[in-house]
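# Inside the fold
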Amino acid sequence: MQVKLFDTTLRDGAQTEGISFSVEDKIKIAKLLDELGIHYIEGGWPGSNPKDIEFFKAIKEIKLKNARIVAFSSTRRPGIKVEEDKNIQTLLEAGTPAVSIFGKSWDFHVRDALKTTLEENLAMIRDTIAFAKKAGREVIFDAEHFFDGYKANPGYAMKVLGTAEDAGADVLCLCDTNGGTLAFEVQRIINEVKSQVKIPLGIHAHNDSECAVSVSGMAVYCGATHVQGTINGYGERCGNANLCSIIPILKLKLKIDCVSDQQLRRLTEVSRHVAEIANLPQSAHQPFVGRSAFSHKGGIHVSAVVKNPGTYEHIKPELVGNERRVTISELSGVSNLLVKAEVYGVSLKKDSPETKSLIKTLKELESQGYSFEEGEASFELLVKRTLGEIPRYFELENFKIETDKQGDKPAIVTAHVKLKVKDKHFDATGVGDGPINALDNALRKVLEDIYPEIKSVKLTDYKVRVLNTEAGTAAKVRVLVESADEKAVWNTVGVSTNVIEASWLALVDSLEYRLMRK
Ligand SMILES: [Zn+2]
């Protein structure tokens, strides 16, 4: 069975609160979708948005390997000729090989939203599809509100599908526009509908009942061969059906070869990259592709997963390009420590002096407020430092920071750093818009000449948490730094009563981690 994937991240997904794609953003996303093996990319509604017209112009210059570009439009307006409808003219001017045309299939909407007759609505559907077919387009007909319409007036909803089919549509896509339909209802309705139509059925589901993925999977299970959705489930209100879940479900569970194995392994990367372009954080708990989707925390789960990952994983994470993580909140227990060390390729013996010394250090650090769950790179460094597996790449002799604030002007911060590197002494001064930025600049001034590989390290996130220390007199802070280069992302942690000192510790770990990795 062949199933076609239809992505609408650039049209329905762009309706997400907080998302605003530029034309360049849309081009970047289209390229990623093409490489992922998506069959149709809906680029926008040219009749409603001039930015979308620009996209259709720009995408023509780009050679795509897999995908067909689709332009979206409503049917013609009531009471006018299709060839005189500006919206439809603009749709065809977009010059795409395929178009998706949405029409009303719920009588209530025809009367109350469109304010026209049931007959005129059918004529609008017929005229628009026939016109697009005559212009040589592949036509996907989106039957808006189909499931609600079918429940209210099945006779009319079927008339809408019949009209679209007779007018020459290539696919009838059934939409759960309000997202309120459950999977068992979709099963019943598609089973009733499919015997009455001859052309392929599709599904377009919204997530208002958190059932969009399950509704889409059910539609395919019942015979639909065209699935619409968005990357990361972006879309208005609660979003659209999430292709990052639908694709692995089709491929790995329903055994439908919609993308290649290789393309499936790019899924996590595409999800993260599109989130980055959308400027939204990717949810850690997103199934299949989220950072926590295969992370195991503590106790029975971890020891079972170490023996056999299948005990607590429904698929192998590498199939979708994700990875297994073991997160342990309390590392100062011997068995937790041994499990975690093994993940880093360090084998510790239960009663060895090294293990005992590590446990002692960890107990001390945990009581100070360290938590390594979000600073795993710091933990790995700590283990390897204690075991003497890595050298000291550099040592601090002294740093000093000055803040100069004059009148209304922004403050300027200067950091002076003295370091010992390979038994030689160095000093440097860095300027920045804040103390951490100034320290980072000074540190790099010394280190980049000696260790050029840190040039590509970027600090991508910086968080400060005030720790709730009921016992102490001064509040401690925990600083978390996220760093990245072209190959990896890593997290480090520092704790102190002084936010600059805590930041320094996390910053040093970030650079040492990169040096350790070479
Ligand atoms: Zn929609």
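Residues numbered from 1 in each chain as written. Predicted model: local features only at pLDDT ≥ 70, side-chain atom pairs only at ≥ 80, totals over all residues. Heavy atoms only, no water.

Under the definition given, this model contains 28 salt bridges. Lysine 133 serves as the salt-bridge partner of aspartate 170, at 2.8 Å between the closest nitrogen and oxygen. Of this pair, aspartate 170 sits in the loop between α7 (154–167) and β6 (171–176) while lysine 133 is found in helix α5 (residues 118–134), placing the two residues 37 residues apart along the sequence. We classify aspartate 170 as partly exposed; its relative accessible area is 27%. Owing to a relative accessible area of 28%, lysine 133 belongs among the partly exposed residues under this scheme. (Salt bridge = Lys/Arg side-chain N within 4 Å of Asp/Glu carboxyl O. Helix = DSSP H or I, 4+ residues; strand = E, 2+ residues; numbered from the N terminus. Buried < 20%, exposed > 50% of the residue type's maximum accessible area, 1.4 Å probe, protein only.)

The contact between helix α1 (residues 23–36) and helix α2 (residues 50–59) brings their axes to 9 Å, and the two run at 45°. Looking at the two axes, α1 sits oblique to α2. Where α1 crosses over α2, the handedness of that crossing is right-handed. Touching Val23, Lys26, Ile27 and Ala30 of α1 are Lys51, Asp52, Glu54, Phe55, Ala58 and Ile59, all from α2. Residues belonging to the contact of α1 with α2 are distributed by class as follows: six nonpolar, no polar and four charged. (Axes fitted to C-alpha atoms, helices over the stretch in contact; angles between N-to-C directions. Parallel < 35°, antiparallel > 145°, perpendicular 65-115°, else oblique. Left-handed = near helix turned anticlockwise from the far one by under 90°. Contact = heavy atoms within 4.5 Å. Nonpolar A, V, L, I, M, F, W, Y, C, P; charged D, E, K, R; others polar.)

Under the definition given, this model contains zero disulfides. No disulfide involves cysteine 222; its sulfur sits 15 Å from that of cysteine 211, the nearest cysteine. Cysteine 238 carries a free sulfur, and the closest cysteine sulfur to it, the one in cysteine 211, is 11 Å from it. (Disulfide = S-S within 2.5 Å.)

This paragraph deals with the nonpolar core. The biggest cluster of nonpolar side chains holds 89 residues, and the ones touching the most others in it are Phe141, Phe146, Leu161, Leu172 and Ile247. Dropping the residues within four chain positions of it, leucine 161 is found in contact with Ala143, Phe146, Leu172, Leu174, Val193 and Val197. Ranked by size, the runner-up nonpolar core spans 28 residues in total, among them Ala415, Val417, Leu443 and Leu515. (Core = buried A, V, L, I, M, F, W, Y, C linked by side-chain atoms within 4.5 Å.)

With that out of the way, let us pick up the side chain of aspartate 485. Residue position: aspartate 485 is located in the loop between β15 (477–484) and β16 (489–496). Classification of aspartate 485 by relative accessible area gives buried; the value is 11%. Only 3.0 Å separates the side chain of aspartate 485 from the backbone nitrogen of alanine 488, close enough to count as a polar contact. In terms of polar contacts, aspartate 485 uses its side chain to reach the side chain of arginine 517, at 3.0 Å. Residues contacting aspartate 485, with those up to four places away along its chain left out, are Ser456, Val457, Trp490, Arg514 and Arg517. (Polar contact = N/O pair within 3.5 Å; in protein donor to acceptor, adjacent residues only side chain to side chain.)

Next up on the list: the side chain of asparagine 240. In this structure, asparagine 240 sits in the loop between β8 (226–229) and α10 (243–253). Asparagine 240 sits in the buried class, given a relative accessible area of 3%. In this structure asparagine 240 touches Thr8, Asp12, His204, Ala205, His206, Asn207, Ala212, Thr230, Gly233, Tyr234 and Gly235, once residues within four positions along its chain are discounted.

So, on to the coordination of the zinc ion. Within the protein, the zinc ion binds to Asp12 (OD), His204 (NE2) and His206 (NE2); these donor distances fall in the range 2.0 to 2.2 Å. Look at where the donors of the zinc ion fall in the sequence and you get D-x191-H-x1-H. Here aspartate 12, found in the loop between β1 (4–7) and α1, pairs with histidine 204, found in strand β7 (residues 201–205); they are 192 residues apart in sequence, far enough to count as distant. The pair aspartate 12 / histidine 204 is uniform in exposure class, with both members buried. (Donors = N, O, S within 2.8 Å, 3.2 Å for Na, K, Ca; no water.)

Here we take up the packing of aromatic side chains. Applying the stated criterion across every chain, the model contains 14 aromatic pairs. With a centroid separation of 5.4 Å and 80° between ring planes, the pair formed by tryptophan 45 and phenylalanine 72 is classed as edge-to-face. Linking tryptophan 45 in the loop between β2 (40–44) and α2 with phenylalanine 72 in strand β3 (residues 68–74), this pair joins segments that are 27 residues apart in sequence. In this structure an aromatic cluster arises from ring pairing among Tyr344, Tyr370, Phe372 and Phe379. For the cation-ring pair, arginine 11 lies above phenylalanine 72, with the distance from its terminal atom to the ring centre recorded as 3.5 Å. (Phe/Tyr/Trp six-rings, centres within 6.5 Å; stacked < 30°, edge-to-face > 60°. Lys NZ or Arg CZ within 6 Å of the ring centre and 35° of its normal.)

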